[in-house]
Amino acid sequence: MYSSSIFKNNPDHFGEQEPQRAPIGVFDSGVGGLTVLQQLYRHLPQESIIYFGDTAHLPYGIRSQAEILRYVRQILNWMQHQRVKMVIMACNTSSALALEIVRREFSMPILGVILPGAKAAVQQGKRIGVIATPATAKSNAYRHAILEINANVQVWQVSCPEFVPLIEQNRIHDPYTTEVARSYLQPLIQEEIDTLIYGCTHYPHLAPVLRSILPSQVKLVDPAVHVVAACSQDLELLGLSNTYPPVATRFWVSGCPQQFAQSSIPWLGYTPTVEVADFNDTSVSNFTSH
Ligand SMILES: N[C@@H](CCC(=O)O)C(=O)O
């Protein structure tokens, strides 16, 4: 049974549409959120999804909390007009800096990646390393979340400013990327971490590079896997799981659509059609008939 309690401040949220049929909204600054999209395809293939990449403001990781909040509010407003049934912030930086605030402002379920990632890491190790954007590392969001769950583990965080630009440029296999990764991981290897969290949704794209540098016993935690498990549980609890055939994912960006399409090919395996989102257009898009 569908529970409308969470949408009570906005009873018209779904319009004429059946709530279960509504899409899940996923957003990131760029292609990082595609790692979450891949997990959604794997574990919740019956769901329809809309994806937004805020590429005009990439990278988020070097921005202030005020800037991130401004972008996130705009995106959530837009998502609301798309009548999504749930939002996944497929971005650690906005989960660290904006999630708690916007959850109080919007009457729709919004999931972030930090808590699911922290919970999973604590179940796996005692010496936990976190690689993240400068803003996420500085926020200490992972350290706080982990220590709140278990104060007896140790946490080391490393800020990795060069990773996002390298990934957005598809330079995964460039020897320079391996060199940069080696220098970021060095202090964590020295501390003999047993677990490493991808503290940025872009980083699982670097898995082969990181794996080749890390000692084989280090376990890698991808918060994308765990946020999708949380999403599945919440949909079930709210009675919002889709039982109809899903529609194809639609992709939107704030920057150049061709560039996003190009950067997505290695992760999607095809060239997506990408639209530019118009934040001034408050009309509701007819998602299901597309
Ligand atoms: N995907 C990113 C955002 C990275 C960025 O734009 O700097 C994150 O999880 O933090």
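In this text the structure is predicted, and so the values were computed from the model without any measurement.

Draft legend 1. A look at empty space enclosed by the protein. A complete count under the given rule lists one cavity of 30 Å³ or more for this structure. Here the largest cavity is characterised by a volume of approximately 70 Å³. Taken together, 14 residues line the largest cavity, and the ones lying closest to its centre are Ser29, Thr93, Thr133, Cys200 and His202. Across the lining of the largest cavity, the residue classes break down as six nonpolar, seven polar and one charged.

Draft legend 2. Spotlight on the layout of surface pockets. Taken as a whole, the largest pocket holds about 610 Å³ of empty space. If you go around the largest pocket, you meet 25 residues; those closest to its centre are Leu99, Gly112, Ile114, Leu115 and Pro116. Listed by contribution, the elements that provide at least two residues to the lining of the largest pocket are helix H3 (92-97), helix H4 (99-105), helix H5 (114-124), helix H7 (141-149) and helix H11 (223-238). It is H5 that provides the largest number of residues to the lining of the largest pocket, a total of six residues. Its residues assigned to classes, the lining of the largest pocket comprises 14 nonpolar, eight polar and three charged.

Draft legend 3. Broad picture of the sheet that holds strand S6 (residues 154-159). Reading across the sheet, the four strands line up as S6-S5-S7-S8 and stay open at both edges, with parallel pairing between neighbours. Since the sheet does not close on itself, it has two edges, and those belong to S6 and strand S8 (219-221), each with one partner. Each adjacent strand pair in this sheet contributes to an overall mean axis angle of 20 degrees, direction not counted. Of the strands in this sheet, strand S5 (127-132), strand S7 (195-199) and S8 are in contact with H5, which crosses S8 at around 160 degrees.

Draft legend 4. Looking closely at the UniProt feature "binding site: substrate" (unreviewed entry) in the chain. Here the UniProt feature "binding site: substrate" (unreviewed entry) sits at Asp28, Ser29, Tyr60, Gly61, Asn92, Thr93, Thr201 and His202. Annotated residues spanning 175 residues; largest pairwise C-alpha distance 11.8 Å, indicating a single compact cluster. Lining residues of the largest cavity drawn from the annotated set just named are Asp28, Ser29, Tyr60, Gly61, Asn92, Thr93, Thr201 and His202. Here Tyr60 lies in the loop between strand S2 (49-53) and helix H2 (65-81). A relative accessible area of 2% places Tyr60 in the buried class. Among the secondary structure elements, Thr201 is positioned in the loop between S7 and helix H10 (207-213). With sequence-adjacent residues up to four places away left out, Thr201 is seen in contact with Asp28, Gly32, Gly33, Thr35, Val36, Ala90, Cys91, Asn92 and Val113.

Draft legend 5. Region of interest: the environment of His57. Counting through the fold element by element, His57 comes out in the loop between S2 and H2. As for His57 and Glu67, which are separated by ten residues in sequence, their C-alpha atoms are 9.4 Å apart. There is a polar contact of 2.9 Å between the side chain of His57 and the side chain of Asp54.

The rules behind the values
Residues numbered from 1 in each chain as written. Predicted model: local features only at pLDDT ≥ 70, side-chain atom pairs only at ≥ 80, totals over all residues. Heavy atoms only, no water. 1 Å grid on protein atoms, 1.4 Å probe; cavity = no way out; pocket = protein on both sides within 12 Å on 5 of 7 lines; lining within 4 Å. Points joined across faces, edges and corners; volume = space filled by probe spheres on them. Nonpolar A, V, L, I, M, F, W, Y, C, P; charged D, E, K, R; others polar. Helix = DSSP H or I, 4+ residues; strand = E, 2+ residues; numbered from the N terminus. Pairing = 2+ DSSP bridges. Axes fitted to C-alpha atoms, helices over the stretch in contact; angles between N-to-C directions. Contact = heavy atoms within 4.5 Å. UniProt positions renumbered as here; feature names shortened; annotations may be inferred. Buried < 20%, exposed > 50% of the residue type's maximum accessible area, 1.4 Å probe, protein only. Polar contact = N/O pair within 3.5 Å; in protein donor to acceptor, adjacent residues only side chain to side chain.

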